[in-house]
Amino acid sequence: MAWEVCGPNCLSEFTMRPQVFRLLAKALAITAAVYGSVALGAQDASTGKVDILDYVDPLIGTANGGHVFSGATLPFGMAKAVADTQGENQAGFAWDTSVVTGFSHMHDSGTGGSPSLGNFPLFAQSACPNDDINQCKWQQTDRAVAWQKDSVVAKPGYFSISLANGVKAEMTTTNRSALYRFTFNGSAESLSPVVLVDLMDLPRSRSKGTASVDPNTGRLTGNGTFNPSFGIGSYNLHFCVDFKGADLRDTGSWSRNRANFTVKNVMLTGSYSAATLSAGTFARFKSLQNNTMLARVGVSFMNVSQACANAEREQPNFDFDGTVAAAKSAWRKKLDVISVDVEGVSKDLQKVFWSGAYRAMISPQDYTGENPLWKSNEPYYDSYYCIWDSYRSIHPLLTLLDPLSQSLMVRSLVDIYRHEGYLPDCRMSLCKGYTQGGSNADVLMADAYLKKVPGVDWHTAYEAVVKDAEIEPGNWDVEGRGGLHSWKNLGFIPTDDFDPYGTGTHTRSISRTVEYAYNDFCIAEMARAMGHTSDHAKYLARSGNWINMFKADQKSSINGVDTGFTGFLQPRYMNGTWGFQDPIFCSPLLDFTSCYLNPSGHETYEGSAWLYTFYAPHDMGSLIKTLGGAEAFTKRLTFLHESGLLYVGDEQAFLTIYQFHYAGRPALSAKYSHFYIPSQFNTTTAGIAGNDDSGAMGSFVVLSMMGLWPVPGQNVYLLTPPYFKEVSITNPVTGKVTTIRNVNFDPSYRSIYIQSAKLNGQPWSKNWVTHDFFNDGGVLELELGENESDWGTHVEDLPPSVNGYQ
């Protein structure tokens, strides 16, 4: 996602990625290396069982703008501890940096623009030069210290790094607290460590803050008011730090580069911006045990007392190794629902797969009990960055692997609607985030409803999606939909729309139109299943509005050469006349960085008209006919992938890889899945195609490698062969096991085309299945070959389409 709307300090994901594409030669080299390296999974010598955590590498995607959080966390945990580096530090630590400024306790993963959270960093120094407290380094820029490249260890629930100042920092977490273990180089006699806390956050958004230190215990407490990284408003956060393993020597406060033993409190007001004033409190120690000491940090959005209570309850004994073990156990439990037969599959591909599954379970984050905005018995989840990204792959994957967590997240979204009036499209740090396109929580709701996610108040959920479709909010930049008057009366969102009913950014008329159409289709699906007949008819009719932006005679050229394809989505004015946006504009081939969420953005969002012309997931039969039939559609979709027009690092690209299914060419979907994996998704620190967007890239890889592409908002999974001999998923609710087995599996991936299939022993010719397969359990056997076959190619084998196939 791109974020220029969030302020002058925000940048787009594209401007932050110096290489949008891998060079073809590099891609081929990576592919050859990954496919050519055949290995079995590592096994525990005593049990013979593969430890899947050995195949999780949290450092994948920490360079080249991937912004992956690589530190210690639990699945969906609020506390996220890592070293904060200087530079492109959206998730705290980035591999392509050189210095560390602190260790903070809350982060987000994979976000695009402004850094997020990173509040109240700790920083440790082994001693002040000449034992003079004012010769220690205090201010953020001055204390920055080089980190050693070969020292970083990142595993589920654990992160460690060594600094040039002789400090080794290890960290682990529980749900609401972090535990740090600092080890100092030097003789015990020379050590008098100073640990400071800074009233700072990564984006330097603090408007006010307070910090105190207890002179008797060294406990550091405080709070601050900060801004969200991609939304409006502000939030208050509180912290509580306790120490163990050393004797307290003295305490005090500091501001800029001066420290004071006398003053034990700091108060910063709005007149001191975080960019110009760094300040906080500190504790100094002596008599360390084995040159090591521990710092336990509790965090809370409620108050300091709750921050302290969180830490005391979750980590009463400062048990570092026990906390690491518990975190690993929690991750194993989440990932153990997947079982793969890795015979012949390279270790690198196994790492790509398991690391993707891990990243898909970092966010959204469970803040239940930490919401001061309203009282509720419902769960509260946060850090939805953003549903525009996550509805396509993250939430469908969670519905497969962790339906109970998905239920809690959906319930949380419904509860946000109850108390704030609309479903969010993006939300972080208790604040409303910016809406990038349609009201895509509608898609998420329909997807969960059709797949029978348990425990949700579906009456209220339906009420919420209907409100999205019918009532324009006062500020549709952060909720609901804008332009509803035009949508209902004209059947499209016009360029330069006249909209006196609410305020918002008047761009993205093309992409908003096709997204609104699909949002309405998803509401229609819920209405049909819930017995709301008239609503079903109304929203189904509106779902056809995508065609109103299609200009049948529009041509497209690249560098003056006609592409040979005619008919693209184009801007349209209120009087029905057409505008013009070059169909390749906002693709990697022309002004890639021009279609963001700001007043000077254009009529498509983070993609070209070439890309958005393919977006009618509910009406693919009509789209294929509109684009000239199945053969012409296939040629056009192939051209999208082969020409350099498509950037797979944005989530809208995902579905286009599998849309060959609708034209009766499922083999080509398999081909292009392997076209992108592993060339764009591999085990390097730059090994994802774009910002991870809270795990979107990770979930894309997992679903693709399992041979399942969900069409979100529909009860449809498009089938391709898994990248393994066999994949099984155990439903955590029903206990049922679903297995997809490749017959004639070829780990060199020459035989990637389905020749025939059997579902529970019976012939299966459809190129898709429903979610019943995963609720009920069963076995799908896919016979593979080197050449495309006629399996899944007949009209009766194609996925559903509103108006059928003609």
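Residues numbered from 1 in each chain as written. Predicted model: local features only at pLDDT ≥ 70, side-chain atom pairs only at ≥ 80, totals over all residues. Heavy atoms only, no water.

Points about the overall build of the protein chain
What the protein chain contains, in helices and strands, is 20 helices and 32 strands. In terms of overall size, the protein chain behaves like a compact globule, its C-alpha atoms giving a radius of gyration of 27 Å where 806 residues would be expected to give roughly 28 Å. For the protein chain, with 806 residues in total, the buried portion stands at 64%. The long-range share in the protein chain, meaning contacts at least 24 apart out of those at least 6 apart in sequence, stands at 71%. Of the charged side chains in the protein chain, 62 are positive and 79 negative, and the gap between their average positions amounts to 3 Å. (Helix = DSSP H or I, 4+ residues; strand = E, 2+ residues; numbered from the N terminus. Rg over C-alpha atoms; globule rule 2.2 N^0.38 Å. Buried < 20%, exposed > 50% of the residue type's maximum accessible area, 1.4 Å probe, protein only. Contact = heavy atoms within 4.5 Å. Lys, Arg positive; Asp, Glu negative; His and termini not counted. Charge placed at Lys NZ, Arg CZ, Asp CG, Glu CD.)

Let's talk about the domain arrangement of the protein chain
Parsing the protein chain into structural domains produces domain 1 (54-332), domain 2 (339-362 + 691-805), domain 3 (367-479) and domain 4 (482-647). Centre-to-centre separation of domain 2 and domain 3, based on C-alpha positions: 27 Å. Contacts between the two partners involve 28 residues from domain 2 and, on the opposite side, 21 residues from domain 3. Summed over both partners, the interface of domain 2 with domain 3 buries about 2000 Å², with 70% contributed by carbon and sulfur atoms. (Domains from an automatic or database assignment. Buried area = accessible area lost by both parts, 1.4 Å probe.)

Let's talk about the pattern of salt bridges
Oppositely charged side chains are able to pair whenever their charged atoms sit close together. The full count for this structure, using the stated rule, is 34 salt bridges. When the shortest N-O distance is used, the salt bridge between Asp250 and Arg249 registers 3.9 Å. Given the relative accessible area of 33%, Arg249 is considered partly exposed. Put simply, Glu420 and Arg427 hold a salt bridge, and the shortest N to O gap is 2.9 Å. Given the relative accessible area of 23%, Glu420 is considered partly exposed. For Arg427, a relative accessible area of 1% corresponds to the buried category. Bridged by salt links that share partners, the residues Asp442, Glu470, Arg481, Lys488, Asp520, Lys538 and Arg542 form one connected network. (Salt bridge = Lys/Arg side-chain N within 4 Å of Asp/Glu carboxyl O.)

Some points on the sheet that holds strand β32 (residues 778-785)
Strands in a sheet are paired, the pairing made by backbone hydrogen bonds, and the direction either parallel or antiparallel. Taken in spatial order, the six strands line up as β18-β27-β28-β32-β29-β30 in an open sheet, and their pairing is mixed. Here the strands that pair on one side only, and so sit at the sheet edges, are β18 (338-341) and β30 (762-763). Direction of pairing for strand β29 (residues 753-759) relative to β30: antiparallel, over a ladder of two bridges. Each bridged residue has a counterpart across the sheet, and for Lys758 the counterpart in β30 is Pro763. (Pairing = 2+ DSSP bridges.)

Quick look at the state of the cysteines
Applying the stated criterion across every chain, the model contains four disulfides. In this model Cys128 forms its disulfide with Cys136; the gap between the sulfur atoms is 2.0 Å. The disulfide joining Cys128 to Cys136 has a torsion of about -100° about its S-S bond and is therefore left-handed. A residue is classified by how much of its surface remains accessible, and Cys128, at 5% relative accessible area, is buried. Disulfide partner of Cys240: Cys308, at an S-S distance of 2.2 Å. Judged by the sign of its S-S torsion, about 100°, the bond between Cys240 and Cys308 is right-handed. Within this pair, whereas Cys240 is found in strand β12 (residues 235-244), its partner Cys308 is found in helix α3 (residues 304-314), the two being separated by 68 residues in sequence. Cys308 carries the same exposure label as Cys240, and that label is buried. Not part of a disulfide, Cys431 finds its nearest cysteine sulfur in Cys426, a span of 11 Å. Distance from the sulfur of Cys522, which forms no disulfide, to the nearest cysteine sulfur (Cys386) is 18 Å. The exposure class of Cys522 is buried, given its relative accessible area of 0%. (Disulfide = S-S within 2.5 Å.)

Considerations on the side chain of Ser728
Checked against the element boundaries, Ser728 lands in strand β27 (residues 726-730). Residue class for Ser728 comes out buried when judged on its relative accessible area of 10%. At 2.8 Å, the side chain of Ser728 and the side chain of Thr739 are in polar contact. Setting aside residues up to four positions removed in sequence, Ser728 forms contacts with Val337, Ile338, Ser339, Val737, Thr738 and Thr739. (Polar contact = N/O pair within 3.5 Å; in protein donor to acceptor, adjacent residues only side chain to side chain.)

Things to note about the UniProt feature "domain: Glycosyl hydrolase family" (unreviewed entry) in the protein chain
In this structure's numbering, the residues bearing the UniProt feature "domain: Glycosyl hydrolase family" (unreviewed entry) are residues 306-785. Taken end to end, residues 306-785 has its terminal C-alpha atoms 60 Å apart, with 39% of it in helix and 14% in strand. (UniProt positions renumbered as here; feature names shortened; annotations may be inferred.)

Notes on the sheet that holds strand β26 (residues 717-719)
Within the open sheet, the three strands sit side by side as β25-β26-β31. Their pairing is antiparallel. Lying at the two open borders of the sheet, with one neighbouring strand each, are β25 (708-710) and β31 (768-769). Bridge count for β26 against β31 is two bridges, and the pairing is antiparallel. Within the sheet, the bridge partner assigned to Leu718 lies in β31 and is Trp768.

Overview of the environment of Tyr647
Tracing the backbone through its elements, the reader meets Tyr647 in the loop between α16 (630-642) and α17 (653-658). Owing to a relative accessible area of 5%, Tyr647 belongs among the buried residues under this scheme. Linking Tyr647 and Pro588, residues 59 residues apart in sequence, is a C-alpha distance of 6.8 Å. Within the structure, Tyr647 has its side chain in polar contact with the backbone oxygen of Ala689 (distance 3.0 Å).

Observations regarding the pairing of strand β23 (residues 550-558)
In regular strands, side chains alternate between the two faces of the sheet. Summarising the sheet, β23 and strand β24 (residues 561-569) pair through five bridges and their orientation is antiparallel. By the bridge assignment, Lys555 is partnered in β24 with Thr566. The hairpin formed by β23 and β24 contains two residues between the paired strands, and Asn559 there has a positive phi angle of roughly 55°.

A closer look at the packing of helix α10 (residues 458-470) against helix α12 (residues 509-530)
Viewed as axis vectors pointing N to C, α10 and α12 meet at an angle of 145°, and their least axial separation amounts to 10 Å. You can see that α10 and α12 cross each other, and the crossing is left-handed. Facing α10, whose interface residues are Trp458, His459, Tyr462, Val465, Val466 and Ala469, α12 presents Asp520, Ile523, Met526, Ala527 and Met530. (Axes fitted to C-alpha atoms, helices over the stretch in contact; angles between N-to-C directions. Left-handed = near helix turned anticlockwise from the far one by under 90°.)

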